[in-house]
Amino acid sequence: MIEAIGFTILGFVLMEISGWAIHKYLMHGPLWMIHKTHHKHSDSFLELNDLFSLLFGSVAVLLIFLGIGKLDYRFWLGIGISLYGLLYFLLHDILIHRRIKWLDRPKSSFLQGIFKAHQAHHYSDKKDDAVSFGLFLVPKKYFKTKDR
Ligand SMILES: [Zn+2]
Ligand SMILES: [Zn+2]
């Protein structure tokens, strides 16, 4: 039980940390050609950048597949990564970018902070001068003021 909870949380936390690093150093680096489709406006529903979600999703599915027989650490890491992916999709793709128009602007100061931090990431559509690369790992200043 403790293993299940521990590795689920670890999978979740590792996704935010590695996601932050991959976004900052690879997506805004050598993989900018793919990631820029998320920074430039386009009318199509899918972006080439969605390949990254597909890649992370495949890692989760693979881990769950490898660990499901024994319900070992791989299974729970896969569950943690999947939960992160689900939350990322809800917050980043639906709440912030409104790719599906389900949710209105958030009212809680925590969600407003996440929202503002990611908007700040999108102020620039350039490879080199972007800020705040995580979903949760963002500068604290965005959480200071609450809009009404
Ligand atoms: Zn970016
Ligand atoms: Zn975005």
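Residues numbered from 1 in each chain as written. Chains lettered and ligands numbered in written order. Predicted model: local features only at pLDDT ≥ 70, side-chain atom pairs only at ≥ 80, totals over all residues. Heavy atoms only, no water.

Enquirer: Which parts of the structure should I look at to understand the overall build of the protein?
Expert: A tally of helices and strands in the protein yields five helices and zero strands. Shown N-terminal to C-terminal, the secondary structure of the protein runs as helices and strands in the order α-α-α-α-α. Its C-alpha atoms give the protein a radius of gyration of 16 Å, within 12% of the compact-globule value 15 Å for 148 residues. In terms of principal-axis extent, the alpha carbons of the protein reach across some 45 × 35 × 30 Å. Looking at the 148 residues of the protein, the share that counts as buried comes to 36%. Roughly 9,400 Å² of accessible area belongs to the protein as shown, and the carbon and sulfur atoms make up 71% of that amount. (Helix = DSSP H or I, 4+ residues; strand = E, 2+ residues; numbered from the N terminus. Rg over C-alpha atoms; globule rule 2.2 N^0.38 Å. Buried < 20%, exposed > 50% of the residue type's maximum accessible area, 1.4 Å probe, protein only. Areas by Shrake-Rupley, 256 points an atom, 1.4 Å probe, with all protein chains shown as cover.)

Enquirer: Teacher, can you tell me more about the coordination of the zinc ion (ligand 1) here?
Expert: Tetrahedral coordination by four donors places them ideally at 109.5 degrees to one another around the metal; octahedral coordination by six donors ideally gives 90 or 180 degrees. Taken together, the protein ligands of the zinc ion (ligand 1) are His23 (NE2), His28 (NE2), His35 (NE2), His39 (NE2) and His121 (NE2), with distances of 2.1 to 2.2 Å. Between the donor residues of the zinc ion (ligand 1), the gaps in sequence give the motif H-x4-H-x6-H-x3-H-x81-H. Of this pair, His23 sits in helix H1 (residues 2-27) while His35 sits in helix H2 (residues 32-39); the two residues are twelve residues apart in sequence, bridging distant segments of the chain. Residue His23 is classed as buried on the basis of its relative accessible area, which comes to 7%. (Donors = N, O, S within 2.8 Å, 3.2 Å for Na, K, Ca; no water.)

Enquirer: Can you help me understand the coordination of the zinc ion (ligand 2) in this one?
Expert: Coordination sphere of the zinc ion (ligand 2), protein contribution only: His38 (NE2), His92 (NE2), His97 (NE2), His118 (NE2) and His122 (NE2), at 2.0 to 2.3 Å. Each donor residue of the zinc ion (ligand 2) belongs to the same chain, and together they define the spacing H-x53-H-x4-H-x20-H-x3-H. Within this pair, whereas His38 is found in helix H2, its partner His122 is found in helix H5 (residues 109-122), the two being separated by 84 residues in sequence. According to the relative accessible area criterion, His38 is buried, its value standing at 8%.

Enquirer: Got a minute to help me understand unusual backbone geometry in this structure?
Expert: Backbone geometry follows two general trends: most residues other than glycine have a negative phi, and most peptide bonds adopt the trans configuration. In this structure, Leu71 takes a positive phi of about 50° despite not being glycine. Summarising the element assignment, Leu71 is placed in the loop between helix H3 (50-67) and helix H4 (73-96). We classify Leu71 as partly exposed; its relative accessible area is 44%. The phi angle at Arg98 is positive, at roughly 55°, despite the residue not being glycine.

Enquirer: Sorry if this is basic, but what is going on with the packing of aromatic side chains here?
Expert: The relative placement of two aromatic rings is captured by the distance of their centres and the angle of their planes. According to the stated counting rule, one finds nine aromatic pairs in the structure shown. Here the aromatic residues Phe12, Tyr84, Tyr88, Phe110, Phe136 and Phe143 are joined through ring pairs into a cluster of three or more. When the ring centre of Phe45 is taken as reference, the NZ or CZ atom of Arg99 above it lies at 5.5 Å. (Phe/Tyr/Trp six-rings, centres within 6.5 Å; stacked < 30°, edge-to-face > 60°. Lys NZ or Arg CZ within 6 Å of the ring centre and 35° of its normal.)

Enquirer: Can you help me understand H4 in this one?
Expert: An α-helical segment advances 3.6 residues per turn. Residues three or four places apart therefore align on the same side. Its 24 residues place the ends of H4 32 Å apart at the C-alpha level, agreeing with the 34 Å of an ideal helix rising 1.5 Å per residue. In the structure, H4 departs most strongly from a straight axis at Tyr88, where the bend amounts to approximately 25°. For H4, the full list of buried residues reads Phe75, Leu77, Gly78, Gly80, Ile81, Tyr84, Leu91, His92, Asp93, Ile94, Leu95 and Ile96. Following H4 by one or two positions, Arg98 adopts a phi angle in the positive range, close to 55°. (Expected span 1.5 Å × (residues − 1). Bend = angle between axes of the 7 residues up to and from the residue.)

None of this, on its own, says anything about what the molecule does.
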